[in-house]
Amino acid sequence: MKTENAPSILRSDYVPLAWRIDHLDLHFNLDPVATIVKSRLRCVRNALAPAAPLRLFGEDIELLDLTVNGAQPAPDAIRRTADGIEIALEGESAEIEIATRIDPSANTTLSGLYLSRGGFFTQCEAEGFRRITFFPDRPDAMTRFTVTLEADTATCPVLLSNGNLIEQGPLDGGRHYARWEDPFPKPSYLFALVAANLVSLERRVNTASGREVLLQVWVEDGNLDRAGHAMDSLIHSMRWDEETFGLELDLDRFMIVAVSDFNMGAMENKGLNIFNSKYVLAKPDTATDIDYENIESVVAHEYFHNWTGNRVTCRDWFQLTLKEGLTVFRDQQFSADMLGRMAEAGGEAAAASARAVKRIDDVRVLRTAQFAEDAGPMAHPIRPDSYQEINNFYTATVYEKGAEVIRMLHTLLGAEGFRNGMDLYFSYHDGQAVTCDDFVDCMAEANGRDLDQFMRWYGQAGTPRVTAQGHYDAESRSYTLTLTQHTPPTPGQPEKLPLVIPVAVGLIGPDGTDLPLRLQADNHGATTKLIELTEAEQSFEFTDLDFEPVPSLLRGFSAPVILELDDDDARLAFRMAHDSDAFNRWDAAQRYAERVILALAADAAAGRPLAVPDAFVSAFRALLTNDALDPAFRAQAAALPAEAYLLERMTVADPALLRAALMALMRELGGALSDEWLTLYRKHEVTGPYRYHPADAGRRALRNLALKYLAAAGVGEGLERAHAQFARFDNMTEGFGALAALVNSANPAREAALDTFHRRYRDDALVLDKWFALQAGAWRWNAEAAPVLERVRRLMGDPDFSIENPNKVYALLGSFFRANPAEFHLPDGSGYVFWADQVLALDRRNPQVASRVARALESWRRFTPEIRDRVGVQLERVRSVVGLSPDVAEIIDKALQNGR
Ligand code: TRP
Ligand code: ZN
């Protein structure tokens, strides 16, 4: 086992491999408690690197035998190190043979080779391969793999690995074997095997160049009726990558396997993607619209990695955003295109709105998760300079901010320029392990553009603040916009330099329509212009304007920054009513809501009555009832900003005050607008069988939101509607939406509804996850109800809960710690003792999951002094435990060291 006090690994310490492994032959004799792995490595000296011994990593595995060129190595040629073995080799090449023994049944980390429901599965990213065999387990070691699997025929009838199946057959003793060959060299983190009892949904399709390929989605028997959407998503992803980037599937066979026990979302192993079953299985009765959308985007994400990640991979783990930021950007574009295309039947405006709604979703995630990370003790650039445990750096910064950085390149260079850069990237680097500089260099070269200053986005942590000051001169009919930028210090980075910030600008006239824009020294008009802020302060002049305009800045969220606007309430209401940019219109509504909520929290702090301003209710009503706007957009605009985001926006985070403010606002908007909500509810009913479609999903979202507000306000007719919807639903979006409204109300019938739901889905693990998450995240609308912590404790003892299953942990504990701040941060501090107990219990089994749970308290220094005192004690308590994993140790150390 790895334990704490891991040294920091530095990006600047990179040294190329002294020995390349040009071929690896692996043989697995699979057994639940004693699997024997034999490997043969063909090593070739790398003339371009300094001479050094062959370094093999190994972790928690037993070495049985090792030979060099068929003989035992001399004792002084081989050395055990803290993390593996070093072998001194002579000559230009060598053949190493290694036998190891592993116990998959004892592997609770879900990294390396492990068991799930009787089957064998692997997870090797980032450093799991070293838990299988001794190997140069780093991403620049690109190797051709051949893999032979032997297992029990009865329990493991299906034997899969990367690439093409070249041989299979029976063996003695009820066993069988299969041999797979991957024609493409790959790093060990992309290796995978599956040996289990599964069935597959199959399709044969042709690639753009006319090659027939076999697609398979492997699931447990009984789940085939839930595999269709994942298969459709895969086919759509293939088509999109062919059309958008000219990239084709390069294998004859592509497989997706669903597994119930998985630390993350999914994994892009070459030709054998392994997925958390949550991102594969869907049918109308068990999956919500959001589940359908997530499956489509995760399937696409992993498929897109085949080019951005696998064909061209990372030189070292510091470059993780090279594949992740780029692939998230690609999956976001894909989903927007798919949603837009589906919505097209409703007209061009419907298509544009569907795309905007997707953008809003993505920005919500960024602002909630990534901005908080960037403001806390774990703040790091999208390309970090150091880490202790790489698993801690699969973060919102590397993924989501990384995707925003790629999006800015796309915005600055245009779709065509970006495509040219991608083409150049593949022409130079196919089959290589490269760096983020290599990628940006291709973008620069293909477009004849200097991107040196742009590269600062890769090195600077923290969210830049942009301010805007406008000045209209009636005499010269010109408007001067002065923008400033400033990035606050982050741990280890006291000073920041100006970044290249693309700002999409529109100017709105007094009648609410966009004014044609003329930037000084350019004479083609348009209503949105892209300006580039590259200095700490810069002015831009717009000419030929007859009126003082209202600026609409950062349209479409053109850069991952915090735009500090001093718009007054009237201006926000004006942009909420008129901004032609859907994103900014939504943003104006969110800013106005935020302002009202923070004012209500201040009222609560001062013991004043909590009064919602009429002007806000009017603006909210106008937006909600504007039938020219698509229902999905209205549902987005009428949903309050996330609680976690609002906590970040409070000068001193106080979850109790914030919750009081949110409850007061929900009650007011539910009650004062009850007629409007009920009308919307009636008007937007979706008839006919369920289909996953943005138009239907938007209507369902708006109706469910109506139920939520009405139930919160205790409006009798609203509660009746929720009960009726819950009593006879045929799709999970409506069933769960009604249940969620009932649970988040003071209505006593909520317990009976929870029981009904539990009974109906008793045997459905994924649906039960929703049931756990809903209860852990519930607000206490009834002041007499018991604290949610009591319920969470009770649910941990439920026979359907299991601390061994990451989905269950994230559903119950993750929802409580992250989605329910007011209940987690109860004044008596009981939540923190519970948190520490759970982190420690999880850490003994699965450090990756423990570390994710531990991160729920990393921003503790932003809270009230009472909270800080109590959290501090528990952080110290966790830190003092002997044998803490490096994963959790890194998080706790940083939380304790890097205050703010
Ligand atoms: N590369 C995977 C993705 O982005 C992420 C991933 C899956 C992962 N499983 C993991 C990362 C385990 C670290 C550990 O889709
Ligand atoms: Zn990824």
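Residues numbered from 1 in each chain as written. Chains lettered and ligands numbered in written order. Predicted model: local features only at pLDDT ≥ 70, side-chain atom pairs only at ≥ 80, totals over all residues. Heavy atoms only, no water.

- With an unreviewed UniProt entry as reference, the protein is termed Aminopeptidase N, source organism Aromatoleum aromaticum.
- Per its UniProt entry, the protein bears the Catalytic activity (unreviewed entry) comment "Release of an N-terminal amino acid, Xaa-|-Yaa- from a peptide, amide or arylamide. Xaa is preferably Ala, but may be most amino acids including Pro (slow action). When a terminal hydrophobic residue is followed by a prolyl residue, the two may be released as an intact Xaa-Pro dipeptide." (UniProt positions renumbered as here; feature names shortened; annotations may be inferred.)

## Quick notes on the coordination of the zinc ion (ligand 2)
Phase 1: Every protein donor of the zinc ion (ligand 2) is accounted for by H301 (NE2), H305 (NE2), E324 (OE) and E324 (OE), and the metal-donor separations fall at 1.9 to 2.8 Å.
Phase 2: When the donor residues of the zinc ion (ligand 2) are listed from N- to C-terminus, their spacing reads H-x3-H-x18-E. With a gap of 23 residues between them, H301 in helix α2 (residues 289-304) and E324 in helix α3 (residues 320-343) connect regions that are remote in the sequence. An identical accessibility class is assigned to H301 and E324; each is buried. (Donors = N, O, S within 2.8 Å, 3.2 Å for Na, K, Ca; no water. Helix = DSSP H or I, 4+ residues; strand = E, 2+ residues; numbered from the N terminus. Buried < 20%, exposed > 50% of the residue type's maximum accessible area, 1.4 Å probe, protein only.)

## Looking at the UniProt feature "domain: Peptidase M1 alanyl aminopeptidase C-terminal" (unreviewed entry) in the protein
Phase 1: Mapped onto this structure's residue numbering, the UniProt feature "domain: Peptidase M1 alanyl aminopeptidase C-terminal" (unreviewed entry) falls at residues 569-897.
Phase 2: With 71% helix and 0% strand, residues 569-897 has end C-alpha atoms that lie 40 Å from one another.

## A look at the site of ligand 1
Phase 1: Ligand 1 sits among 15 residues. The nearest are E125, A266, E268, E302 and Y399.
Phase 2: Between an oxygen atom of ligand 1 and a side-chain N or O atom of H301, the distance comes to 3.3 Å.
Phase 3: Contacts to ligand 1 include K323, whose side-chain N or O atom sits 3.5 Å from a nitrogen atom.
Phase 4: Look at ligand 1: alone it shows 370 Å² of surface, and the protein chains cover 97% of it.
Phase 5: Where the shell around ligand 1 is concerned, the elements lending two or more residues are β19 (266-267), α2 and α3.
Phase 6: Taken together, the residues that form the shell around ligand 1 break down as five nonpolar, five polar and five charged. (Near = heavy atom within 4 Å. Polar contact = N/O pair within 3.5 Å; in protein donor to acceptor, adjacent residues only side chain to side chain. Areas by Shrake-Rupley, 256 points an atom, 1.4 Å probe, with all protein chains shown as cover. Nonpolar A, V, L, I, M, F, W, Y, C, P; charged D, E, K, R; others polar.)

## Here we look at the domain arrangement of the protein
Phase 1: When the domains of the protein are assigned, the result is domain 1 (9-197), domain 2 (314-459) and domain 3 (465-559).
Phase 2: A separation of 32 Å is found between the C-alpha centroids of domain 1 and domain 2.
Phase 3: Taken together, the contact between domain 1 and domain 2 spans 11 residues of the former and 21 residues of the latter.
Phase 4: Between domain 1 and domain 2, roughly 1400 Å² of surface is buried when both sides are summed, and carbon and sulfur atoms account for 57% of that area. (Domains from an automatic or database assignment. Contact = heavy atoms within 4.5 Å. Buried area = accessible area lost by both parts, 1.4 Å probe.)

## Some points on the nonpolar core
Phase 1: Core analysis: the largest hydrophobic core is formed by 289 residues, its most contacted members being F439, W677 and W835.
Phase 2: The element contributing the most residues to this core is helix α5 (residues 396-429), with 14 residues.
Phase 3: If near-sequence neighbours (up to four positions away) are discounted, W835 is found in contact with F817, F824, V853, A854, A856, L857, Q874, L875, V878 and I892. (Core = buried A, V, L, I, M, F, W, Y, C linked by side-chain atoms within 4.5 Å.)

## What to know about the packing of helix α4 (residues 348-375) against helix α9 (residues 582-605)
Phase 1: One can describe the packing of α4 onto α9 by two numbers: an axis separation of 9 Å at closest approach and a directional angle of 45°. Viewed along their axes, α4 and α9 adopt a mutual orientation that is oblique. The element α4 and its partner α9 pack so that their crossing is right-handed. The residues of α9 that touch α4, namely those facing A356, R359, I360, V363, R364 and R367, are A582, F583, W586, D587 and Q590.
Phase 2: Here the residues of the contact of α4 with α9 sort into six nonpolar, one polar and four charged. (Axes fitted to C-alpha atoms, helices over the stretch in contact; angles between N-to-C directions. Parallel < 35°, antiparallel > 145°, perpendicular 65-115°, else oblique. Left-handed = near helix turned anticlockwise from the far one by under 90°.)

## Here's the deal with the sheet that holds strand β18 (residues 253-259)
Phase 1: Strand order in the open sheet formed by five strands is β16-β17-β18-β20-β19, and the pairing between neighbours is mixed. In this open sheet, the two edge strands, each paired with only one partner strand, are β16 (199-206) and β19.
Phase 2: Where strand β17 (residues 212-219) and β18 come together, five bridges link them in parallel fashion. Of the residues in β18, the one forming a bridge with W218 is V257.
Phase 3: Across the sheet, helix α1 (residues 228-245) touches β16, β17 and β18, and the angle it forms with β16 is around 25°.
Phase 4: Along the sheet, α2 contacts β18, β19 and β20 (272-276); its crossing angle with β20, the most-contacted strand, is approximately 150°. (Pairing = 2+ DSSP bridges.)

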